[in-house]
Every structure is written in structure tokens, then in C-alpha cells.
Protein chains: 2
Amino acid sequence: MNIGQAAEASGVSAKMIRYYEQIGLIEPPARSQSGYRVYAEPNVHTLRFVRRARSLGFSVEETGSLLALWRDRSRASADVKSLALKHVAELEEKAAALQAMAATLRHLASNCHGDQRPDCPILDKIGARN
Amino acid sequence: MNIGQAAEASGVSAKMIRYYEQIGLIEPPARSQSGYRVYAEPNVHTLRFVRRARSLGFSVEETGSLLALWRDRSRASADVKSLALKHVAELEEKAAALQAMAATLRHLASNCHGDQRPDCPILDKIGARN
DNA sequence: GCTTGACCTTCCCATGATGGGAAGGTGTAG
DNA sequence: CTACACCTTCCCATCATGGGAAGGTCAAGC
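Here the structure is a predicted model, which means the values were calculated and not measured.

Caption draft 1: The interface of chain A and chain B, seen in detail. At the interface, 52 residues of chain A touch 52 residues of chain B. Looking at the side of chain A facing chain B, the largest losses of area belong to L105(A), L123(A) and I126(A), adding up to 14% of the total buried there. The interface formed by chain A and chain B includes two salt bridges. For the salt bridge of R106(A) with E92(B), the shortest nitrogen-to-oxygen distance reads 2.9 Å. At the junction of chain A with chain B, the criterion picks out 22 residue pairs in polar contact (both at pLDDT 80 or more). Counting residues per element, the ones that place at least two in the side of chain A that touches chain B are helix 3 (41-55), helix 4 (60-71), helix 5 (77-110) and helix 6 (121-126) of chain A.

Caption draft 2: Molecular detail of the protein's contact with DNA strand C. In the vicinity of DNA strand C, 19 residues are found, and the nearest of them are K15(A), Y20(A), Y36(A), G4(B) and R18(B). Within 4 Å of the protein, atoms of DNA strand C come from sugar and phosphate in 67% of cases. One nitrogen or oxygen atom from the side chain of R18(B) is found 2.7 Å from a phosphate oxygen belonging to DNA strand C. Every element with two or more residues in the surface near DNA strand C is listed here: helix 2 (14-22) of chain A together with helix 1 (3-10) and helix 2 (14-22) of chain B. A per-element tally of the surface near DNA strand C places helix 2 of chain A first, with four residues. A per-class count over the surface near DNA strand C returns seven nonpolar, six polar and six charged.

Calculation criteria
- Residues numbered from 1 in each chain as written.
- Chains lettered and ligands numbered in written order.
- Predicted model: local features only at pLDDT ≥ 70, side-chain atom pairs only at ≥ 80, totals over all residues.
- Heavy atoms only, no water.
- Contact = heavy atoms within 4.5 Å.
- Buried area = accessible area lost by both parts, 1.4 Å probe.
- Salt bridge = Lys/Arg side-chain N within 4 Å of Asp/Glu carboxyl O.
- Polar contact = N/O pair within 3.5 Å; in protein donor to acceptor, adjacent residues only side chain to side chain.
- Helix = DSSP H or I, 4+ residues; strand = E, 2+ residues; numbered from the N terminus.
- Near = heavy atom within 4 Å.
- Nonpolar A, V, L, I, M, F, W, Y, C, P; charged D, E, K, R; others polar.

Shape is all these values report; function is a separate question.
What follows is the structure, given as C-alpha cells:
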């Protein structure tokens, strides 16, 4: 399987597969005589793991830790759980920050006439002198 | 006022003030004979505007649009409002995405023993074969 | 007047994850 | 044998921010 097919099968773009290899997240695959990367099913499985971890918001570095745990048959599930819960806390913190911004802005917008006149509490607030 | 004092007064770092100038978000300030940037109160006011817009999650580009509206005495508040509400929608979308990740992960973690044994539904899910 | 230290200048580099694209080699179907 | 799809590496761009080097400036204290 060439990189294009591995990309198709895993949902990770060829560009990103090369990048993950370059930064050491995944092992360099075999090469054909002409230098093409050659992937087998286990490689694709790993790539899918990476894609799913990324789609849950784990950074590439965290994904590396998860990958190491995944491959470690003597892992303690407690380690996985604590990594996951720490990440959940970060996600919720970020979500809360975004929602606070949205709420503030929505409130300001609700007091804005939204017509041809220039007066606008949104700009008043952002440009407040204090 | 030198750049350090403007940074202090506005809450925008000296590095970022130079950057905002370089990309054209703010006007280049006056210079002293020796080449130091010299800021007056209106410049600081603008910088505070930028800092607040950024802290509400507006991109630098959006901040530029807001700044132009802020300075345009013949603006229509409708334009400001629609910019703000579009941004609110984006913020809420991102927040929802983060919360969905958190919820998924929290659910998986709640089914994880979190002990010395290796079995873990979190890894099972991320590494699912399908 | 001179030194010292805090400030300023520009310039280059790094981040994190992703994509675009160029230049050149390979493989295969017609 | 040609055309086209694919592969390779390499460089560049994004977005907003910070770090740091090399060198110039200013003010306070001796």
C-alpha cells in the first residue's frame, strides 16, 4: 500500500502522514526499491488511532503518549484515565472561555439597534476609555 | 511615551505593538530623533481597543474591521452588529465542538476502571479497528 | 565627564498543525 | 512509447505570540 492508499484508508492526509513520521510520532514505514513508502494494515491501524486521538482534541504530543500506552500491554488503565481527564478539564476550560466571550458579545449585541445610526454599545464597550 | 510605557498602559506587549504596526493594523507612531517610537494617549486608546477586541476572540483581521468601524463616524450600527453576531456564532460553534469532545471523553473515562489493569475503554475506542 | 543599567531598535528564529506547490522520479494503462 | 497519476524531498505560508542577539540611547549616580 502506497501513502495515498494509506491516507485514504486511515483518513489522515499524505502530507500529515509524512509529517507524523518526520517528528517521530509514527515509525518510518518500509520503502519500495524506488523509495516509495509502503504501508501495511498495522500502520493504517496506528494512523487511524492517531486520527481519532487528534479528533478528540489531543495534541500530537499527547497522542504520542496515548500511542505509547496503547502499545504497552503492561500499562495501568489509571494512567490512561488520568491523561484523559486532564485533557477533559482543558477542553472544558477552553469551551467555557469561548462561551464567556460569546455571552458577553451576545449581550452587547442585544443592546445594539442594528440600524443606520452609528451608536453601538459593542464599540462603546471595546473602546471604553477606562 | 515610549513603547514600554504604551505597552504598560494598554496591556499590549511591546512585541505585539510592533507586530500590529508591521502588519498595518495600527498606524506607525511618531519617532523621536533617535528613532524611538513615541506614543500619545490616542494611540494607547487604540491599543486598548485592539486588546479588548482580541480578548473577545476576534482575529486580528476582524479587529481591523472593527477598528475601521469604530473610527467611521458615519458607520451603520447594523454592520457592527452583524460582524459581532457572526463572530458569536463561530465562538459558539467552537465551544460546542470542544464540549462534544469533552463529553465523549468523559463518558469513556467513566467506564474506565482506572486501576493497575491494562483494559481501558478509552484506548479501545480510539484504537477501534473499524 | 563617565559608567551602568534599563530601555530602545531591527532582525532572525520558534511555536503547532496543516496545506500549497515546485522540481523531479516512478509506475502503469492504453 | 506516451500520458497521466502517483510518489519523493524541499521550501514556503498560515496565525499570533514570544525569545533572543547585536547594537544604539538615555538618565541616574558617582
